[in-house]
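Residue strings, one per chain:
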Amino acid sequence: LSLISEFRRAVTDNQLVLHYQPKAKLSDGAVEAIEALVRWHHPARGLLYPDVFVPLVEQTDLIDDLTRWVLRHALEDLATIGDPHLAVAVNISARNLSRHTFAADVKAAVRRAGIEPHRLVLELTETALLFDPTRAHDVFTDLTSYGIRVSIDDFGRGQTSLGYLSALPLSEIKIDRTFVRDMVTNAAHAAIVRSVVELGHNLGLIVVAEGVETAEVGDELRECGCDVAQGYWFARPMPLVDLRRWLAGSD
Ligand code: G
Ligand code: G
Ligand code: NA
Ligand code: MN
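An account of the accompanying structure is given in this report. Predicted model only: the values in this text are computed from it and were never measured.

**A few points about the overall build of the protein chain**
Point 1. Regarding its fold elements, the protein chain presents twelve helices and ten strands.
Point 2. Taken over C-alpha atoms, the radius of gyration comes to 18 Å for the protein chain, in line with the 18 Å a tight globule of 251 residues would show.
Point 3. With the C-alpha coordinates of the protein chain rotated into their principal frame, the extents come out at 50 × 40 × 35 Å.
Point 4. Burial analysis of the protein chain (251 residues in total) assigns 38% to the buried set.
Point 5. For the protein chain, long-range pairs separated by at least 24 residues make up 64% of all intrachain contacts whose partners lie at least 6 apart in sequence.

Right, dumping it as structure tokens:
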């Protein structure tokens, strides 16, 4: 049986599970959001990571079922954590935006969970954004007018025009980990990170660095004025039970 034909059951039989990775302010270490990252407990193949199945699922309308499942569970989990300042970030795919009910579905999920809309951040990669820029602009305008926030993930990998970027109703950009990881030893990457921080701030956006693996990189990012960091340096993606313990210990 192919993986994609088995995926339908994964959603209905609750074989999916969310792990959460914190995003923390570089100024004081406060956790401002958790990113939901899906895993599949496959009955025969064991724990599957999203890079194995999300690219396949994204080629079919099953991506709408996956995103709906992730949104519902991420928002419900957030509600149980009980910290009113914490947000949850959910990854969406380009194909989700082409579904005509997408914005309405997201808003309904937020309403059902009883979460304030600004506590949901949708992450879309820069390359996915370029799949249909006009559609992305329209859907994001609808979602952000409701209060939901939008983040451009893996920024620096694509080739977004600066005019288009400035016209999007964004709240955040996430600098791609390839530039962040080695910025202490790679001067060109450090220059890119500095420039993106300045660009983001000039557009009024929060700038997040992903893939922060060491304290040295964290220090350099703070010195650059980067706002938020995410990475193995302080937390790996973890199941909800572990996240609760981690959050309690990081106060
Ligand atoms: O979880 P991991 O660290 O292995 O993530 C690998 C990739 O899978 C990342 O690019 C991440 O954005 C993507 N991903 C993880 N969870 C989801 C999800 O729920 N939906 C989508 N569309 N992509 C996801
Ligand atoms: O593309 P996206 O940003 O959604 O990817 C999230 C992925 O990044 C997850 O697979 C997560 O496990 C991985 N990740 C998170 N922190 C780090 C890190 O510090 N280093 C590396 N190499 N990967 C990370
Ligand atoms: Na992401
Ligand atoms: Mn990313």
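**As for the nonpolar core**
Point 1. Counting 67 residues, the largest nonpolar core has Val88, Val90 and Ile175 as its most contacted members.
Point 2. Looking at which element gives the most residues to this core, the answer is helix α3 (residues 62–81), with seven residues.
Point 3. Among all residues touching Val88, those that are not within four sequence positions of it are Ala33, Ile34, Ala36, Ala74, Leu75, Leu78, Arg119 and Leu120.

**As for the site of ligand 1**
Point 1. The environment of ligand 1 is formed by Leu37, Val38, Tyr49, Pro50, Asp51, Val54, Val70, Asn91, Ile92, Ser93 and Pro237.
Point 2. Of all the secondary structure elements, the ones that give two or more residues to the shell around ligand 1 are β2 (31–42) and α2 (50–57).
Point 3. Take the shell around ligand 1: its biggest share by element is three residues, from α2.

**Overview of unusual backbone geometry**
Point 1. If you check the backbone angles, Asn14 has positive phi at about 55 degrees while not being a glycine.
Point 2. Along the chain, the position of Asn14 falls in the loop between α1 (3–12) and β1 (16–25).
Point 3. Looking at Asn14, the number of C-beta atoms within 10 Å reads 11, which means it is exposed.
Point 4. Its identity as a non-glycine residue notwithstanding, Asp154 has a phi of 55 degrees, on the positive side.
Point 5. Structurally, Asp154 can be placed in strand β6 (residues 149–155).

**Some details on the packing of α1 against α2**
Point 1. Packing of α1 against α2 leaves a shortest axis separation of 10 Å and a crossing angle of 95 degrees. Looking at the two axes, α1 sits roughly perpendicular to α2. Contact with α1, carried on its side by Leu3, Ile4 and Phe7, involves Phe53, Leu56 and Val57 of α2 and no other residues of that element.
Point 2. Of the residues in the contact of α1 with α2, the class split is six nonpolar, no polar and no charged.

**Points about the pairing of strand β8 (residues 206–210)**
Point 1. For β8, the tally of buried residues reaches five of five residues, placing the bulk of the element in the interior.
Point 2. Burial along β8 is two-sided: the face carrying Ile206, Val208 and Glu210 and the face carrying Val207 and Ala209 are both buried.
Point 3. As paired strands, β8 and strand β9 (residues 228–230) are joined by three bridges and run parallel to one another. Looking at the pairing, Ala209 lines up with Ala229 of β9.

**Brief notes about the pairing of strand β7 (residues 172–175)**
The side chains of a regular strand alternate between both faces of the sheet.
Point 1. Covered by surrounding structure in β7 are Glu172 and Lys174 together with Ile173 and Ile175, the residues of both alternating faces.
Point 2. Where β6 meets β7, three bridges bridge the pair, whose relative direction is parallel. Within the sheet, the bridge partner assigned to Ile152 lies in β7 and is Ile173.
Point 3. Traced from β6 through helix α8 (residues 162–167) to β7, the parallel crossover comes out right-handed.
Point 4. Alignment of β7 against β8, held across four bridges, turns out to be parallel. Each bridged residue has a counterpart across the sheet, and for Ile175 the counterpart in β8 is Ala209.

**So, the environment of Gln59**
Point 1. Relative to the assigned elements, Gln59 resides in the loop between α2 and α3.
Point 2. The class of Gln59 is exposed, set by 11 C-beta atoms lying within 10 Å.
Point 3. Between the C-alpha atom of Gln59 and that of Arg95, which follows or precedes it by 36 residues, the distance is 8.0 Å.

Each value, and the rule that gives it
- Residues numbered from 1 in each chain as written.
- Chains lettered and ligands numbered in written order.
- Predicted model: local features only at pLDDT ≥ 70, side-chain atom pairs only at ≥ 80, totals over all residues.
- Helix = DSSP H or I, 4+ residues; strand = E, 2+ residues; numbered from the N terminus.
- Rg over C-alpha atoms; globule rule 2.2 N^0.38 Å.
- Buried ≥ 20, exposed ≤ 12 C-beta atoms within 10 Å, placed from the backbone.
- Contact = placed C-beta atoms within 7 Å.
- Core = buried A, V, L, I, M, F, W, Y, C linked by C-beta atoms within 7 Å.
- Near = placed C-beta within 6 Å.
- Axes fitted to C-alpha atoms, helices over the stretch in contact; angles between N-to-C directions.
- Parallel < 35°, antiparallel > 145°, perpendicular 65-115°, else oblique.
- Nonpolar A, V, L, I, M, F, W, Y, C, P; charged D, E, K, R; others polar.
- Pairing = 2+ DSSP bridges.
- Right-handed = clockwise from strand over helix to strand, strands pointing away.

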